[in-house]
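# Close look at the chain arrangement
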Amino acid sequence: AQTVTQSQPEMSVQEAETVTLSCTYDTSESNYYLFWYKQPPSRQMILVIRQEAYKQQNATENRFSVNFQKAAKSFSLKISDSQLGDTAMYFCAFMSSQADYQLIWGAGTKLIIKP
Amino acid sequence: DAGVTQSPTHLIKTRGQQVTLRCSPKSGHDTVSWYQQALGQGPQFIFQYYEEEERQRGNFPDRFSGHQFPNYSSELNVNALLLGDSALYLCASSPWGAGIRQTQYFGPGTRLLVL
């Protein structure tokens, strides 16, 4: 069974700094999909960025980028020029290409951006 | 473009009662998935509906059931409520298809408290 591990329960950085959140996963598949979602205090889960495993190029969305290391089964999220509105829980999620109906989630990292 | 909507936002029930939660998918999406998120944890997959049928189910008892209507909206029903059913219930919608097309977009959730 696939698992997703986020080893940092909580992180805090100053506004405008860069922060990297870690995620590792375990799978025997070669093709799959990885996601980072953000859950602010409002509770709504918001898609931040996604990556297809067969694509070697790391995904980027404005200030958000990933470092996808397929051999190491690592999928970290880098937030540049952090803003107060980035304060939230961040979840890493895995979707199997053979079971693409469900997301398998990590436990989350609580990110606090300090003014 | 309306996103995923859920109702109600909060609900308080007592043990043994039954509850119905509702979800309307994002415009253009025909697939609805339900997740349970306990406090401080990542979401757990309950089931997925497509074409008014339950397509896949996670490790949840039969007390959890659902329905999808012709307009793609969905209901989650939980019978014989237990204290452990207290959680945030998230609805996600996606277009039916393979791989990354199944990216799931979430509603704001329903917070259920069982006393």
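Summarised in this report is the structure supplied together with it.

Definitions and limits used
- Residues numbered from 1 in each chain as written.
- Chains lettered and ligands numbered in written order.
- Predicted model: local features only at pLDDT ≥ 70, side-chain atom pairs only at ≥ 80, totals over all residues.
- Heavy atoms only, no water.
- Disulfide = S-S within 2.5 Å.
- Helix = DSSP H or I, 4+ residues; strand = E, 2+ residues; numbered from the N terminus.
- Buried < 20%, exposed > 50% of the residue type's maximum accessible area, 1.4 Å probe, protein only.
- Contact = heavy atoms within 4.5 Å.
- Buried area = accessible area lost by both parts, 1.4 Å probe.
- Polar contact = N/O pair within 3.5 Å; in protein donor to acceptor, adjacent residues only side chain to side chain.
- Phe/Tyr/Trp six-rings, centres within 6.5 Å; stacked < 30°, edge-to-face > 60°.
- Pairing = 2+ DSSP bridges.
- Axes fitted to C-alpha atoms, helices over the stretch in contact; angles between N-to-C directions.

### Thoughts on the state of the cysteines
- Tallying each qualifying case throughout the model produces two disulfides over all chains.
- One disulfide bridge connects Cys23 of chain A with Cys92 of chain A, the sulfur atoms lying 2.0 Å from each other. Here the S-S torsion is close to -65°, and the disulfide linking Cys23 of chain A with Cys92 of chain A is therefore left-handed. Within this pair, whereas Cys23 of chain A is found in the loop between strand E3 (19-21) and strand E4 (24-26), its partner Cys92 of chain A is found in strand E10 (residues 88-96), the two being separated by 69 residues in sequence.
- What makes Cys23 of chain A buried here is its relative accessible area of 1%.
- Between the sulfur atoms of Cys23 of chain B and its disulfide mate Cys91 of chain B the distance is 1.8 Å. Its torsion about the S-S bond being -60°, the disulfide of Cys23 of chain B and Cys91 of chain B is classed as left-handed. Of this pair, Cys23 of chain B sits in strand E3 (residues 19-24) while Cys91 of chain B sits in strand E9 (residues 87-94), and the two are 68 residues apart along the sequence. Each of the two residues, Cys23 of chain B as well as Cys91 of chain B, counts as buried.

### Examining the interface of chain B and chain A
- Each partner contributes to the interface: chain B provides 28 residues, whereas chain A provides 20 residues.
- Summed over both partners, the interface of chain B with chain A buries about 1900 Å², with 55% contributed by carbon and sulfur atoms.
- There are nine residue pairs in polar contact (both at pLDDT 80 or more) connecting chain B and chain A.
- Of all the secondary-structure elements, those providing two or more residues to the side of chain B that touches chain A are strand E4 (31-37), strand E5 (44-50), E9, strand E10 (105-106) and strand E11 (110-114) of chain B.
- For the side of chain B that touches chain A, the element with the highest residue contribution is E4 of chain B, accounting for three residues.

### With respect to the packing of aromatic side chains
All names here are of chain B.
- In the structure shown here, the tally under the stated rule is 16 aromatic pairs over all chains.
- With a centroid separation of 4.0 Å and 5° between ring planes, the pair formed by Tyr50 and Trp96 is classed as stacked. Here the residue Tyr50 occupies a position in strand E5, and Trp96 occupies one in the loop between E9 and E10, the gap between them amounting to 46 residues.
- We classify Tyr50 as buried; its relative accessible area is 13%.
- For Trp96, a relative accessible area of 34% translates into the label partly exposed.

### Section: unusual backbone geometry
- With an omega of -10°, the peptide bond between Ser7 of chain B and Pro8 of chain B qualifies as cis.
- Of note, Pro8 of chain B is situated in the loop between strand E1 (5-7) and strand E2 (10-13).

### Here's the deal with the sheet that holds strand E7 (residues 64-68) of chain B
All names here are of chain B.
- A sheet is described by the order of its strands in space; here four strands give the open sequence E1-E3-E8-E7, paired in antiparallel fashion. Single-partner strands in this sheet number two, and they are E1 and E7. With direction set aside, neighbouring strand axes in the sheet form an average angle of 20°.
- As paired elements, E1 and E3 share three bridges and run antiparallel to each other. Along E3, the bridge assignment pairs Thr5 with Ser24.

Purely geometric stuff here, so don't read any function into it on its own.
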